[in-house]
Amino acid sequence: AQKVTQTQTSISVMEKTTVTMDCVYETQDSSYFLFWYKQTASGEIVFLIRQDSYKKENATVGHYSLNFQKPKSSIGLIITATQIEDSAVYFCAMRESLNTNTGKLTFGDGTVLTVKP
Amino acid sequence: NAGVIQTPRHKVTGKGQEATLWCEPISGHSAVFWYRQTIVQGLEFLTYFRNQAPIDDSGMPKERFSAQMPNQSHSTLKIQSTQPQDSAVYLCASSFGQGASQNTLYFGAGTRLSVL
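Quick summary incoming for the structure in this document. For clarity, every value in this text was computed on a predicted model and none was experimentally measured. Each chain has its residues counted from 1, following the order in which its sequence is written. Following the order in which they are written, the chains are lettered starting with A and the ligands numbered starting with 1. It should be noted that, the model being predicted, local features are given only for residues of pLDDT at least 70 and side-chain atom pairs only at 80 or more, the latter also being counted only at that level, while totals for whole chains, interfaces and linings use all residues. Processing note: side-chain calculations cover all non-hydrogen atoms of the structure and skip hydrogens and water entirely.

## Here's the deal with unusual backbone geometry
The bulk of non-glycine residues show a negative phi, and the bulk of peptide bonds are trans.
Link 1 in the chain: Following T7 of chain B, the chain continues into P8 of chain B via a peptide bond in cis, with omega recorded as -10°.
Link 2 in the chain: By secondary structure assignment, the location of P8 of chain B is in the loop between β1 (5-7) and β2 (10-13).
Link 3 in the chain: Its identity is not glycine, yet K16 of chain A carries a phi of approximately 75°, on the positive side.
Link 4 in the chain: Numbering of helices and strands starts at the N terminus; helices are DSSP runs of H or I of at least 4 residues and strands are runs of E of at least 2. Here K16 of chain A is to be found in the loop between β2 (10-14) and β3 (19-21).
Link 5 in the chain: Whether a residue is buried, partly exposed or exposed follows from its accessible area with a 1.4 Å probe, protein chains only, as a fraction of its type maximum: under 20%, in between, or over 50%, in that order. For K16 of chain A, a relative accessible area of 69% translates into the label exposed.
Link 6 in the chain: Residues other than glycine seldom take positive phi values, yet Q52 of chain B does so here, at roughly 75°.
Link 7 in the chain: Structurally, the position occupied by Q52 of chain B is in the loop between β5 (42-50) and β6 (53-56).
Link 8 in the chain: Judged by relative accessible area, Q52 of chain B falls into the partly exposed class, the value being 32%.

## Details of the state of the cysteines
Link 1 in the chain: To count as a disulfide, a pair of cysteine sulfur atoms needs to be within 2.5 Å. Under the definition given, this model contains two disulfides over all chains.
Link 2 in the chain: Linked covalently through their sulfurs, C23 of chain A and C92 of chain A form a disulfide whose S-S length is 2.0 Å. One quick way to see it: the torsion about the S-S bond of C23 of chain A and C92 of chain A is about -75°, and its sign makes the bridge left-handed. Taken together, the residues C23 of chain A in the loop between β3 and β4 (24-26) and C92 of chain A in strand β10 (residues 88-96) connect sequence positions 69 residues apart.
Link 3 in the chain: Across the disulfide from C23 of chain B sits C92 of chain B; the S-S distance is 1.9 Å. Across the S-S bond of C23 of chain B and C92 of chain B the torsion is about -65°, and the bridge reads as left-handed. Residue C23 of chain B is found in strand β3 (residues 19-24), and its partner C92 of chain B is found in strand β9 (residues 88-95); the two are separated by 69 residues along the sequence.

## Details of the pairing of β9 of chain B
Residues and elements named next belong to chain B.
Link 1 in the chain: Across the eight residues that make up β9, a large majority, eight, are buried.
Link 2 in the chain: Of the two faces of β9, both are covered, the one formed by A88, Y90, C92 and S94 as well as the one formed by V89, L91, A93 and S95.
Link 3 in the chain: By definition, two strands form a pair when at least two bridges between them are found by DSSP. Alignment of β9 against strand β11 (residues 111-115), held across three bridges, turns out to be antiparallel. Looking at β11, one finds that V89 is bridged to R112.
Link 4 in the chain: Looking at chain direction, β9 and strand β10 (residues 106-107) are connected through two bridges and run antiparallel. In the sheet register, S94 faces β10, and the bridge partner there is Y106.

## Observations concerning the sheet that holds strand β8 (residues 74-79) of chain B
Residues and elements named next belong to chain B.
Link 1 in the chain: Strand order in the open sheet formed by four strands is β1-β3-β8-β7, with antiparallel pairing between adjacent strands. Looking at strand neighbours, the two that pair on one side only are β1 and β7 (65-71), the edges of this open sheet. Adjacent strand axes in the sheet meet at a mean angle of 20° when their direction is disregarded.
Link 2 in the chain: Both β7 and β8 contribute to a ladder of five bridges, which runs antiparallel. In the strand pairing of β8, N71 is matched with H74. Lines are fitted to the C-alpha atoms to define the axes, a helix being fitted only along its stretch in contact, and any angle between axes, read from their N-to-C directions, falls within 0 to 180 degrees.

## Remarks on the pairing of strand β9 (residues 74-79) of chain A
Residue and element names in this part refer to chain A.
Link 1 in the chain: Summarising burial for β9: six of the six residues are buried, a large majority.
Link 2 in the chain: Residue alternation in β9 divides its side chains into two sets, S74, G76 and I78 and I75, L77 and I79, and both sets are buried.
Link 3 in the chain: As paired strands, β3 and β9 are joined by three bridges and run antiparallel to one another. Looking at β9, one finds that V19 is bridged to I79.

## Some words on the interface of chain B and chain A
Link 1 in the chain: Of the residues lining the interface, 21 residues belong to chain B; the matching set on chain A comes to 18 residues.
Link 2 in the chain: Simply put, the buried area is the total loss of 1.4 Å probe accessible area from both parts when two parts are fitted together. With both chains or domains summed, chain B and chain A bury close to 1,700 Å², and 51% of this area falls on carbon and sulfur atoms.
Link 3 in the chain: Of all residues in chain B, L43, N103 and F107 of chain B give up the largest surface area on contact with chain A, accounting jointly for 32% of the area buried on that side.
Link 4 in the chain: Pairing of N or O atoms within 3.5 Å defines a polar contact, subject to two protein rules: one partner must be a possible hydrogen donor and the other a possible acceptor, and residues neighboring in sequence count only if both atoms are side-chain atoms. Inspection of the chain B/chain A interface yields four residue pairs in polar contact (both at pLDDT 80 or more). Note on definitions: a residue-residue contact is assigned when non-hydrogen atoms from the two residues lie within 4.5 Å.

Here is the structure:
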């Protein structure tokens, strides 16, 4: 069974610095898809960035980038030049290709990020 | 594009009453998902439709919970005889459902259900 683990419960950083959030996953599948979502204070869950397991290049979107280490089953989220509005809960999620028919995402427990001025 | 729309945003029911939650997926998306979020369990998958057909309901409690998608523009999640443990935020998400792009889910704002 697939499993996603986020070991950092909460992180606090100063504005304009860089933060890395960790995520490790377990899967039996050779092909899978990894996602990071952000949940704001209002409860809205927003898609941030995605990494397909067959791609060697780390995905980058705006000030979000990923550190994909496949041998370690690790997909870290890096946020550069953090802003106050980046304060939120960040979820890592995985979808196995075996589950393509189901579409089911498995989520980690989330990491609370607080960005201080 | 309005995104995934969920109504109502908040619903309060008494124990034993029925609750119906509504979801309108993003136009053009053929896959619709329901998730439930609680402090204790986190984000839990409930059920999934593709092209209106139920594909996977492995996360649905076997009793009292049902979901339907009568047309491509809306899905409903119905909880009969609600219990306090059903209190949660119920999230609907949709995706294109075709090719690699099907893998990205876009979530609605959720419905917060409180069972008194």
